[in-house]
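Examining the three-dimensional arrangement
The lines below spell out each chain.
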Amino acid sequence: MFNMFIAMAGIGLIIPIMPEFLKTFGVAGKVLGFLIAIFSFAQFIFSPLSGVLSDRHGRKKIIIIGLFIYGASQLAFSLSTELWMLFVARFFSGFGAAFLVPPMMAFVADITPLEKRGRGLGLLGASMSLGFMIGPGIGGFLSTISIHFPFYVAAGASFFAAVLSIFILPNPAPSVVIEKALLKSENLLRQMIRSTKTPYFVLLIVMFVFSFGLANYQSTLALFADQKFGYDATQIAILITVGGFVGVIVQTFVINPLFKRYGEMRIILINLLVAALSMFAILFVNTFFTILLVAAIFSTATSLLRPAVNTLVSKLADEEQGFAAGMMNAYMSLGNMVGPALAGYIFDINYTFPYLLGTLILLLCFVIASTWAKKNTLMLAATRTK
């Protein structure tokens, strides 16, 4: 949880300053979209590998490697003097993140029984949201010292977490036997093909479509607030921080009782609708308070969605926790890769387009998930008894 917090705070630190930072290179929405996309592209490539490697070598080693790579890439980003250097640095940031998220998810699966899996993944999600909540606020404050200073702090925090993990982080045995992990050390293409034959494949598609829609919102929010309302880094940081705070509360105290009472699938369906409606509503609010309210509702929905999908996949994955976590992150990264690139492009045409597209994508995701749930009622009922 601490490592996840550090990694996500490092990402959050730079969000409110990105519009101003990119202005020093003379670029805006389109480049920001592609920078986010290349981060996700690296995650897509390396997430399946990190999941399998963590099955083979243990979660701890992969997490530590990811923290060092992530810290170095943040430092490289801040020291970049050419646009191409930014893209290289962001690629390695995605590489580092790919070696963090799947092993952490599999780590939770290793140390929790099925009936507590939702709680464990909810707490991991809460630490993620807490990082996003605190990161932008700190980044906005640190940017008053220097536009590059937040990057230095993010890099230092990642290195600190890596060193701390070497001495403190436990190293539980993976939940699969080594022989199975070795047999399944496939390349990315074969892993993607194998994922289509899993019982949770449609949930992977839901994660891809959901991430695509979510990325439209997240990748352009700072630019949207800057262009439409003229908000500065501090105001943008507040918007993101409040949403993150709501996510922490929901994932820490609310998510487990909701899972027990309604089941993960129903939570997924309801919050897909709430996320779609709140994304559409952002186009019609015009005061800081109403924007803050809509952003908080959207953050609440997404804070429930991701752990719900993660928990359901984990329950259906049985002994393939590393593989399933790697695939989850790969499909999520694929959505995060396509979404921001397209959102950044259409944002430069009209700043309302990413939110209209995102709304449609989330509604499509609801239809896919609802149809699959009706066809697999018995299988989903069995997961609620675990």
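Notes on the structure in this doc start here. (Residues numbered from 1 in each chain as written. Predicted model: local features only at pLDDT ≥ 70, side-chain atom pairs only at ≥ 80, totals over all residues. Heavy atoms only, no water.)

Our focus in this paragraph is a nonpolar patch on the surface. Together, F2, F68, F160, V163, L164, I166, F167 and I168 line one region of the surface with nonpolar side chains, adding up to about 780 Å² of accessible area. Counting residues per element, the nonpolar patch draws most heavily on helix α8 (residues 149–168), at six residues. Among the secondary structure elements, I168 is positioned in helix α8. (Patch = residues over 30% accessible without salt bridge, like charges linked within 9 Å, V, L, I, M, F, W, Y side chains within 5 Å. Areas by Shrake-Rupley, 256 points an atom, 1.4 Å probe, with all protein chains shown as cover. Salt bridge = Lys/Arg side-chain N within 4 Å of Asp/Glu carboxyl O. Helix = DSSP H or I, 4+ residues; strand = E, 2+ residues; numbered from the N terminus.)

Evaluation of the coordinates by the stated rule reveals 16 aromatic pairs. A centroid spacing of 5.1 Å and a plane angle of 65 degrees characterise the contact between F280 and F284, whose relative ring orientation is edge-to-face. An aromatic cluster of at least three residues, connected via ring pairs, comprises F41, F46, F91, F92, F95 and F99. When the ring centre of F77 is taken as origin, the NZ or CZ atom of R90, which lies over that ring, is 5.7 Å away. (Phe/Tyr/Trp six-rings, centres within 6.5 Å; stacked < 30°, edge-to-face > 60°. Lys NZ or Arg CZ within 6 Å of the ring centre and 35° of its normal.)

Here R90 is to be found in helix α5 (residues 83–98). When residues no more than four places from it in sequence are discounted, the contact partners of R90 are I14, L35, I38, F39, Q74 and F77. (Contact = heavy atoms within 4.5 Å.)

Before going further, it helps to spend a moment on the nonpolar core. In this structure, Y200, L203, M265 and I268 are the most contacted members of the largest nonpolar core, which totals 109 residues. When neighbours within four sequence positions are excluded, Y200 is seen to be in contact with V313, L316, A317, E320, F323 and A324. (Core = buried A, V, L, I, M, F, W, Y, C linked by side-chain atoms within 4.5 Å. Buried < 20%, exposed > 50% of the residue type's maximum accessible area, 1.4 Å probe, protein only.)

Our next topic: the packing of helix α1 (residues 2–14) against α8. Two elements in contact, α1 and α8, have axes separated by 9 Å at closest approach and are oriented at 170 degrees. Relative to α8, the element α1 lies roughly antiparallel. Of the residues in α8, those touching α1 at F2, N3, I6, G10, L13 and I14 are P150, F151, V153, A154, A157, S158, F160, A161, L164 and S165. When its residues are assigned to classes, the contact of α1 with α8 shows twelve nonpolar, four polar and no charged. (Axes fitted to C-alpha atoms, helices over the stretch in contact; angles between N-to-C directions. Parallel < 35°, antiparallel > 145°, perpendicular 65-115°, else oblique. Nonpolar A, V, L, I, M, F, W, Y, C, P; charged D, E, K, R; others polar.)

Under the criterion given, the structure shown has two salt bridges. For the salt bridge of D110 with R59, the shortest nitrogen-to-oxygen distance reads 2.6 Å. Linking D110 in helix α6 (residues 101–111) with R59 in helix α4 (residues 59–79), this pair joins segments that are 51 residues apart in sequence. Pair check on accessibility: D110 and R59 agree, each one buried. Across the salt bridge formed by E264 and K315, the nearest N and O atoms sit 3.0 Å from each other. On the criterion of sequence distance, the pair formed by E264 in helix α13 (residues 264–281) and K315 in helix α14 (residues 288–317) is long-range, its members being 51 residues apart. E264 sits in the buried class, given a relative accessible area of 4%.

Quantified by volume, the largest pocket comes out at close to 400 Å³. Together, 18 residues line the largest pocket, and M1, F2, F107, L124 and L169 are the ones closest to its centre. (1 Å grid on protein atoms, 1.4 Å probe; cavity = no way out; pocket = protein on both sides within 12 Å on 5 of 7 lines; lining within 4 Å. Points joined across faces, edges and corners; volume = space filled by probe spheres on them.)

Further remarks concern the packing of α4 against α8. Contact geometry for α4 and α8: axes closest at 8 Å, N-to-C directions at 160 degrees. With respect to their mutual orientation, α4 and α8 come out roughly antiparallel. Here α4 and α8 pass one another in a crossing that is left-handed. For the pair α4 and α8, contact is made by K60, I64, L67, F68, Y70, G71, A72, Q74, L75, F77, S78 and L79 and by F151, Y152, A154, A155, S158, F159, A161, A162, V163, S165 and I166, respectively. (Left-handed = near helix turned anticlockwise from the far one by under 90°.)

A full pass over the atoms with the stated rule returns two cavities of 30 Å³ or more. Taken together, M105, A106, A109, R117, L121, N310, V313, S314, Q321, A324, A325 and M328 make up the lining of the second largest cavity. Those elements that place two or more of their residues in the lining of the second largest cavity are α6, α7 (117–142), α14 and α15 (321–347). Take the lining of the second largest cavity: its biggest share by element is four residues, from α15. Residue composition of the lining of the second largest cavity, by class: eight nonpolar, three polar and one charged.

Attention shifts here to the side chain of S50. On the secondary structure map, S50 appears in helix α3 (residues 29–57). Classification of S50 by relative accessible area gives buried; the value is 0%. Discounting residues that sit within four places of it in the chain, S50 has contacts with I62, A98, F99, P102 and P103.

The next subject is the environment of V206. Structurally, V206 can be placed in helix α11 (residues 201–229). By relative accessible area, V206 is classed as buried at 2%. Distance in space between the C-alpha atoms of V206 and Y331 is 8.9 Å, their sequence separation being 125 residues. Dropping the residues within four chain positions of it, V206 is found in contact with C365, I368 and A369.

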